[in-house]
Amino acid sequence: MDTLFDLPEPQAPEQAVIAHYRLGDDQYGSPAERAVIFDAERAMTAAVEAAGVGEVDGNEFGGGKAVLYAYGADADALFKVMEPTLRRLPFRPAYVVLRPGSRQTEYRVDL
């Protein structure tokens, strides 16, 4: 068997949308702040799945910040679906990092 011809097809790198929010304290935010983030995450998950543009992959809390992660084949299309909910979140300062390929091509959108 010649494994040279059995190699998997190269896949396009997964693209990312990573949203960053400053919370009201230096730890994990208040229970009410976390609830707002969780509600937004559920809404974005439903919208992203309905649009078929990727997946919302979770969150991270700590150091007074909340970060939301989403991945798909097209970071711009993914952000377009998520953007209304991301902009409605009340926490500031806030920004989104869009990674349409490698870290060298990522860019930031202030909310």
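How each quantity is defined
Residues numbered from 1 in each chain as written. Predicted model: local features only at pLDDT ≥ 70, side-chain atom pairs only at ≥ 80, totals over all residues. Heavy atoms only, no water. Phe/Tyr/Trp six-rings, centres within 6.5 Å; stacked < 30°, edge-to-face > 60°. Helix = DSSP H or I, 4+ residues; strand = E, 2+ residues; numbered from the N terminus. Lys NZ or Arg CZ within 6 Å of the ring centre and 35° of its normal. Salt bridge = Lys/Arg side-chain N within 4 Å of Asp/Glu carboxyl O. Buried < 20%, exposed > 50% of the residue type's maximum accessible area, 1.4 Å probe, protein only. Pairing = 2+ DSSP bridges. Axes fitted to C-alpha atoms, helices over the stretch in contact; angles between N-to-C directions.

Undergrad: So what exactly am I meant to see when it comes to the packing of aromatic side chains here?
TA: To describe a pair of aromatic rings, you give the distance between the ring centres and the angle between the ring planes. What the rule picks out here adds up to two aromatic pairs. Geometrically, the ring pair formed by Phe38 and Phe61 is edge-to-face, given 5.5 Å between the ring centres and 70° between the ring planes. In this pair, Phe38 sits in helix α1 (residues 31-51) while Phe61 sits in strand β2 (residues 55-62), placing the two residues 23 residues apart along the sequence. When the ring centre of Tyr95 is taken as origin, the NZ or CZ atom of Arg108, which lies over that ring, is 3.8 Å away.

Undergrad: Hey, could you run me through the pattern of salt bridges in this one?
TA: Enumeration according to the criterion identifies five salt bridges in this entry. Between Arg42 and Asp39 there is a salt bridge, with its nearest N and O atoms 2.4 Å apart. Note that Arg42 and Asp39 are positioned in helix α1 at a spacing of three residues, about one turn of the helix. Here Arg42 falls in the exposed class, since its relative accessible area comes to 52%. A salt bridge links Glu83 to Arg87, with the shortest nitrogen-to-oxygen separation between them at 2.8 Å. Of the two residues, Glu83 and Arg87 both sit in helix α2 (residues 75-88), four residues apart, roughly one turn of that helix.

Undergrad: Can you walk me through the sheet that holds strand β3 (residues 65-72) in this structure?
TA: Strand pairing in a sheet relies on backbone hydrogen bonds, with the paired strands running either antiparallel or parallel. Spatially, five strands are ordered β2-β3-β1-β4-β5 in an open sheet, and the strand pairing comes out antiparallel. Sheet topology places β2 and β5 (107-110) at the edges, where each strand pairs with a single neighbour. Going across the sheet, the axis of each strand differs from the next one's by a mean of 20°, ignoring polarity. As paired elements, strand β1 (residues 15-22) and β3 share eight bridges and run antiparallel to each other.

Undergrad: What am I meant to see in unusual backbone geometry here?
TA: Across residues other than glycine, the phi torsion is negative in most instances, and most of the peptide bonds are trans. Following Arg92, the chain continues into Pro93 via a peptide bond in cis, with omega recorded as 0°. Mapped onto the elements, Pro93 comes out in the loop between α2 and β4 (94-99).

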